[in-house]
Amino acid sequence: MDAILIYIQAGYRAEPDPQACGAFAVEFRDVIQRRETFKLDAATCNEAIYQCFLRAAGYLTDLLSRSPEAGKYRAAILTASELLVAQLSEGCQVKVDHLTPLERQAIQDLDQLQ
């Protein structure tokens, strides 16, 4: 079965001036269909990966709403962030307050995609 794969990555640098960025790439049938990079308003690396996930989920939601064909395929968002995976799919508790709203939004987005 064909699948729409979205790879996400985010990075954060605290010194000399705080900056965060994210990127995602959309693959379908072994071809990269879209690449996007962007600056993020994040204070930590974990915030950056959540913001990147939300951006990719928004893109996927938009793609599925605009293209009836896309809904016939499985979709997956892939990341190297063990924390994000554990918190969204394995029930690992968010332990810092500033991630809680991002986690809630991510769970809402996932529910909407299913």
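This report concerns the structure included in the present document. (Residues numbered from 1 in each chain as written. Predicted model: local features only at pLDDT ≥ 70, side-chain atom pairs only at ≥ 80, totals over all residues. Heavy atoms only, no water.)

What about the nonpolar core?
Here is step 1 of the chain: By size, the foremost hydrophobic cluster in this structure holds 29 residues, and its most contacted members are Ile4, Ile6, Ile8, Phe24, Tyr50, Phe53 and Leu84.
Here is step 2 of the chain: Every element with two or more residues in this core is listed here: β1 (3–13), β2 (19–28), β3 (31–40), α1 (45–66), α2 (82–89) and α3 (100–113).
Here is step 3 of the chain: The element best represented in this core is α1, accounting for eleven residues.
Here is step 4 of the chain: With sequence-adjacent residues up to four places away left out, Ile4 is seen in contact with Val26, Glu27, Phe28, Leu60, Leu63, Ala70, Tyr73, Arg74, Ala75 and Ala76. (Core = buried A, V, L, I, M, F, W, Y, C linked by side-chain atoms within 4.5 Å. Buried < 20%, exposed > 50% of the residue type's maximum accessible area, 1.4 Å probe, protein only. Helix = DSSP H or I, 4+ residues; strand = E, 2+ residues; numbered from the N terminus. Contact = heavy atoms within 4.5 Å.)

Thoughts on a nonpolar patch on the surface
Here is step 1 of the chain: Among the surface-exposed residues, Tyr7, Ile32 and Leu78 lie close enough to one another that they form a single nonpolar patch of about 220 Å² accessible area.
Here is step 2 of the chain: Along the chain, Ile32 turns up in strand β3.
Here is step 3 of the chain: The class of Ile32 is partly exposed, set by a relative accessible area of 34%. (Patch = residues over 30% accessible without salt bridge, like charges linked within 9 Å, V, L, I, M, F, W, Y side chains within 5 Å. Areas by Shrake-Rupley, 256 points an atom, 1.4 Å probe, with all protein chains shown as cover. Salt bridge = Lys/Arg side-chain N within 4 Å of Asp/Glu carboxyl O.)

Describing the sheet that holds β1
Here is step 1 of the chain: Spatial ordering of the open sheet is given by β3-β2-β1-β4, a layout of four strands whose pairing is mixed. Unpaired on one side and paired on the other, β3 and β4 (74–79) mark the two borders of the sheet. Neighbour-to-neighbour, the strand axes of the sheet open up by a mean angle of 15°, direction not taken into account.
Here is step 2 of the chain: Sheet analysis places β1 next to β4, joined by six bridges and oriented parallel. The partner of Ala3 across the bridge, within β4, is Arg74.
Here is step 3 of the chain: α1 contacts β1, β2, β3 and β4 of the sheet and is inclined by roughly 150° relative to β1. (Pairing = 2+ DSSP bridges. Axes fitted to C-alpha atoms, helices over the stretch in contact; angles between N-to-C directions.)

Section: the pattern of salt bridges
Here is step 1 of the chain: Evaluated as defined, the whole model comprises four salt bridges.
Here is step 2 of the chain: A salt bridge links Arg55 to Glu36; the shortest N-O distance between them is 3.1 Å. Taken together, the residues Arg55 in helix α1 and Glu36 in strand β3 connect sequence positions 19 residues apart.
Here is step 3 of the chain: Of the charged contacts, one joins Asp62 and Arg66 as a salt bridge, the two residues approaching to 2.8 Å between their closest N and O atoms. Here Arg66 and Asp62 lie together in helix α1, a separation of four residues that amounts to about one turn.

Concerning the layout of surface pockets
Here is step 1 of the chain: Estimated volume of the largest pocket: approximately 390 Å³.
Here is step 2 of the chain: Lining the largest pocket we find 19 residues, and of these Phe53, Ala75, Ala76, Ile77 and Leu110 sit closest to its centre.
Here is step 3 of the chain: Mapped by element, the contributors of at least two residues to the lining of the largest pocket are α1, β4, α2 and α3.
Here is step 4 of the chain: Of the residues forming the lining of the largest pocket, the biggest block, five residues, is contributed by β4. (1 Å grid on protein atoms, 1.4 Å probe; cavity = no way out; pocket = protein on both sides within 12 Å on 5 of 7 lines; lining within 4 Å. Points joined across faces, edges and corners; volume = space filled by probe spheres on them.)

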